[in-house]
Amino acid sequence: MPVRAARQDLADTWTLELESADVFPFDPGQFTMLSALGAGEVPISISGDSAANGTLVHTVRAVGLATRAICRSQPGDVLTVRGPFGNAWPLGEAVGRDVVIVAGGIALAPLRAAILRLLANADRYGRLVLLHGGRSPDQLLYADELEAWRERGLDAWTTVDSAGPEWLGHVGVVPNLIRRAAFDGERAIAFVCGPEVMMRFTLTALERRGVTADRVYVSLERNMQCGIGLCGHCQLGPTLLCRDGPVFRYDEVEPLLRVREL
Ligand SMILES: Cc1cc2nc3c(=O)[nH]c(=O)nc-3n(C[C@H](O)[C@H](O)[C@H](O)COP(=O)(O)OP(=O)(O)OC[C@H]3O[C@@H](n4cnc5c(N)ncnc54)[C@H](O)[C@@H]3O)c2cc1C
């Protein structure tokens, strides 16, 4: 697919809008295997709106060979795309509930497509709450979009690990926001994505608010190669992340995450 637009979000992160000639149906939470020709193929979540036809959006952090090549792409360059793969955030199960979205750093990208759908159908849900953390203010993804999302009804909170005096927002880790945010823990559902240690602390904080692990969904990352459950690279115990995930109900996957090096 040709690159239609490339926007630099952060020092190391770009959002690429690809031109999908055909309709490319996907559900929020799914990913594609993306490649700048010859530089390796990697799993990247679809961060754009699943209701938008003719365009496919990914937000990519340049960390290694494949992602650096993808992020160097300019409008007119061509990327290869396989997919969509994997399962989705359970938006249907969230109907009628408060939805708490918790994201650490770049992990807001896999949640953006869900946020866009939740906001488009906000009348079906209770409170929509986003708790997002970054290392520093200049590492907060989609900062320019947050205000527009707030105007559409998202109760969006941000926090940073550290900041200078010019930052007037919260400082501290993202699970700390959970005790302050307004939502009904007894009926809320949570979508969480970030480093695994952050997800563990998030779950503890959510449980203190009454959100049990069977109402918490996490998106996991492992090394992937085929994307279709054949190669086994993304195996986690009896599951293959590309085929059975990347979204899992926390109580179902937590025993596996507790095993070191699994
Ligand atoms: C389902 C899924 C969805 C993803 N969605 C996104 C997304 O929306 N945007 C995005 O930028 N990235 C996403 N990733 C992560 C992305 O796939 C990796 O960053 C990429 O595979 C790195 O490949 P590389 O060749 O550029 O770097 P490599 O040379 O493979 O690695 C460079 C450095 O990054 C580390 N690294 C490699 N892979 C990962 C990983 N999966 N998680 C954490 N650290 C890693 C390595 O340990 C190394 O330190 C996703 C991963 C999965 C499994």
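Preceding this paragraph is the structure being described.
Here the structure is a predicted model, which is why all the values come from computation and not from measurement.

Chemist: Looking at this model, I keep getting lost on the site of the ligand. Mind explaining?
Modeler: As a structural note, the neighbourhood of the ligand is formed by 17 residues, with Pro 43, Thr 59, Arg 61, Thr 67 and Glu 221 the closest of them. In this structure, a nitrogen atom belonging to the ligand sits 2.8 Å away from a main-chain N or O atom of Thr 59. Backbone polar atom of Arg 61 to an oxygen atom of the ligand: 2.7 Å apart, as the coordinates give it. For the ligand, whose unbound accessible area comes to 880 Å², protein coverage reaches 64%. Counting residues per element, the ones that place at least two in the shell around the ligand are β4 (41-45), β5 (55-61) and α1 (65-71). Here the shell around the ligand takes four residues from β4, the largest share from any one element. Split into classes, the residues belonging to the shell around the ligand amount to 10 nonpolar, four polar and three charged.

Chemist: I'm lost on the pattern of salt bridges in this one. Help?
Modeler: Enumeration over the complete set of coordinates arrives at 15 salt bridges. The salt bridge partner of Glu 17 is Arg 4, with a shortest N-O separation of 3.1 Å. Of this pair, Glu 17 sits in strand β2 (residues 13-19) while Arg 4 sits in strand β1 (residues 3-10), and the two are 13 residues apart along the sequence. With relative accessibility at 28%, the residue Glu 17 sits in the partly exposed group. Owing to a relative accessible area of 37%, Arg 4 belongs among the partly exposed residues under this scheme. Across the pair Arg 150 and Glu 147 runs a salt bridge whose closest N-O atoms are separated by 3.0 Å. Of this pair, Arg 150 and Glu 147 both sit in helix α3 (residues 143-151), three residues apart, which is roughly one turn of that helix. We classify Arg 150 as partly exposed; its relative accessible area is 30%.

Basis of the calculations
- Residues numbered from 1 in each chain as written.
- Predicted model: local features only at pLDDT ≥ 70, side-chain atom pairs only at ≥ 80, totals over all residues.
- Heavy atoms only, no water.
- Near = heavy atom within 4 Å.
- Polar contact = N/O pair within 3.5 Å; in protein donor to acceptor, adjacent residues only side chain to side chain.
- Areas by Shrake-Rupley, 256 points an atom, 1.4 Å probe, with all protein chains shown as cover.
- Helix = DSSP H or I, 4+ residues; strand = E, 2+ residues; numbered from the N terminus.
- Nonpolar A, V, L, I, M, F, W, Y, C, P; charged D, E, K, R; others polar.
- Salt bridge = Lys/Arg side-chain N within 4 Å of Asp/Glu carboxyl O.
- Buried < 20%, exposed > 50% of the residue type's maximum accessible area, 1.4 Å probe, protein only.

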